[in-house]
Amino acid sequence: MYPESLMMSYGYKPELSEGAIKCPIFQTSTFVFKSAKEGKDFFELAYGKREKTPGEQPGLIYSRLNNPDLQILEERLSLWDGADECAVFESGMSAISTVLLEFLRPGDALLYSMPVYGGTDHFINKVLPQYGIKGVGFTSDDSEEEILRKVAGLSIKLIYVETPANPTNALFDLFLCRRVADRLSKEDAKVYVAVDNTYMGPLWQHPLKQGSDLVIYSATKYIGGHSDLIAGAVLGSTELMKRVRTLRTFLGNMAGPWTGWLLMRSLETLKVRMTQQASNAKEVADFLLAHPKVEKVYYLGHLKESDSQYTIYRRQLSSPGAMVSFDIKGGEQEAFAFLDSLKLFKLAVSLGGTESLAEHPATMTHSDVSEEDRDLLRISEKLIRLSIGVEHYEDLIWDIKQALDQV
Ligand SMILES: *Cc1c(COP(=O)(O)O)cnc(C)c1O
């Protein structure tokens, strides 16, 4: 069956919860063992002291290790990406930082796509260097050979890719990243590819099927979808997820049961929400393209066959998504006048929620990115980022039109 058909029931057994049709919130820190022997068995398995016996399910011990709300959520999330396993975190940043800390060691280097989410950029360029780990960026214009030249002599252990990139929608070729990873891999040290799929997933892009090893989400965005929670997720093979899950257990940065429950509720409407958001985004992007006060629109649905990014778009994505950025004619003053005049759109960072949001990357989400990188990546003072929600598109266009009239 399709994932959307399974989001209401998969992994949940009503008979274990008094017949409740919905999974209750297991608001509990610890779980009672039936016997001391059972407690011993559960721990042996949880701490990897023995392999699972055929058909054995890991027992519930303590909510930092596992909780039914997280476990069922993780099983449901895995369906969209076709992953062996998933681990849910208390934020997208904790998912990202846990992956970076697990797969990098002092002396290693990280190859990463630019631009990345502002918090990720900070972690790579300000936190990891304190642990002796160097980040090397590449852009969507760099060829395979150019990327390899940049990292010559470095001990690359991980390639981290965010595609489409926030806030410009620049696309990175995941197959190219896989080839680079394979060329840099040594017999005893495989180079892994991790993809931040927050912008497109889990509906419109499936990096694990395109050769990547790990998929990461800020579940705060489309997966949560209602701007009412912070969470993250990592998905991949059993082998790699065992490492991610173990570090999560000891950093203690798993999501709590209440967040897990909210995310299960969100997943039931994921497909209808995202589909409506993408359809609204197309109307908004087309309107912006035709407006005289708009200089340039960054929307994947406008890529032409002659654009170098078009091939990647067709091969990697099944939708242009619901994020639209544009350059307004002028600079910060005009951008601010527009943002301050919006009535239905809310002026806020974040994205992927049911309500439409607008923000100014250069002074908000990406103000921490160096000026040099901002120039290189076209994150200028004219750039405005829109996250399109589920409202009626005619009201969204009305709002944008009246705000542009105020500029
Ligand atoms: C929001 C976001 C993050 C960080 O996630 P949090 O849930 O805020 O910690 C990471 N990557 C992308 C692309 C994001 O949009």
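What you see is a predicted model, and the numbers here were worked out from it, not measured in a lab. (Residues numbered from 1 in each chain as written. Predicted model: local features only at pLDDT ≥ 70, side-chain atom pairs only at ≥ 80, totals over all residues. Heavy atoms only, no water.)

> Teacher, can you tell me more about the UniProt feature "modified residue: N6-(pyridoxal phosphate)lysine" (unreviewed entry) in the protein chain here?
UniProt records the feature "modified residue: N6-(pyridoxal phosphate)lysine" (unreviewed entry) at K221, using the numbering of this structure. As for its position among the elements, K221 is in the loop between strand 6 (214-218) and strand 7 (232-236). Not counting the four nearest positions on each side in its chain, K221 is found in contact with Y117, T198, S350, L351 and G352. (UniProt positions renumbered as here; feature names shortened; annotations may be inferred. Helix = DSSP H or I, 4+ residues; strand = E, 2+ residues; numbered from the N terminus. Contact = heavy atoms within 4.5 Å.)

> Got a minute to help me understand a nonpolar patch on the surface in this structure?
On the surface, F43, Y47 and F250 cluster together into a nonpolar patch covering about 330 Å² of accessible area. Here F250 is to be found in helix 8 (residues 238-251). Exposure remark for F250: the relative accessible area of 58% places this residue in the exposed category. (Patch = residues over 30% accessible without salt bridge, like charges linked within 9 Å, V, L, I, M, F, W, Y side chains within 5 Å. Areas by Shrake-Rupley, 256 points an atom, 1.4 Å probe, with all protein chains shown as cover. Salt bridge = Lys/Arg side-chain N within 4 Å of Asp/Glu carboxyl O. Buried < 20%, exposed > 50% of the residue type's maximum accessible area, 1.4 Å probe, protein only.)

> What should I look at first to understand the environment of L208 in this one?
Relative to the helices and strands, L208 resides in the loop between strand 5 (192-196) and strand 6. Separated by 125 residues in the primary sequence, L208 and A83 have C-alpha atoms spaced 7.3 Å apart. Apart from the residues lying within four places of it in its own chain, the contact partners of L208 are D81, A83, D213, L214, V215, L235 and G236.

> Sorry if this is basic, but what is going on with the sheet that holds strand 8 (residues 294-298) here?
Note on sheets: strands pair through backbone hydrogen bonds, and any given pair is parallel or antiparallel. Strand order in the open sheet made by the five strands is 8-9-12-11-10, with mixed pairing throughout. Only two strands of the sheet have a single partner each, and these edge strands are strand 8 and strand 10 (346-347). Relative to strand 11 (residues 357-359), strand 10 is paired through two bridges, and the arrangement is parallel. Of the residues in strand 11, the one forming a bridge with L347 is A358. Of the strands in this sheet, strand 9 (323-328), strand 10, strand 11 and strand 12 (383-387) are in contact with helix 12 (residues 332-341), which crosses strand 9 at around 130 degrees. (Pairing = 2+ DSSP bridges. Axes fitted to C-alpha atoms, helices over the stretch in contact; angles between N-to-C directions.)

> Could you clarify how one ought to interpret the domain arrangement of the protein chain in this entry?
Interface extent is often summarised as the accessible area lost during association of the parts. Here the protein chain is partitioned into domain 1 (7-28 + 63-267) and domain 2 (271-405). Relative placement of domain 1 and domain 2: their C-alpha centres are 24 Å apart. The interface is formed by 39 residues belonging to domain 1 together with 41 residues belonging to domain 2. A combined buried area of about 3,300 Å² lies between domain 1 and domain 2, and 59% of that area is made up of carbon and sulfur atoms. For the domain 1 face of the interface with domain 2, the top three residues by lost area are L171, W204 and Y222, together amounting to 24%. With a closest N to O distance of 3.6 Å, D368 and K126 form a salt bridge. On the surface where domain 1 and domain 2 come into contact, there are 18 residue pairs in polar contact (both at pLDDT 80 or more). Of all the secondary-structure elements, those providing two or more residues to the side of domain 1 that touches domain 2 are helix 5 (118-127), helix 7 (174-184) and helix 9 (257-268). (Domains from an automatic or database assignment. Buried area = accessible area lost by both parts, 1.4 Å probe. Polar contact = N/O pair within 3.5 Å; in protein donor to acceptor, adjacent residues only side chain to side chain.)

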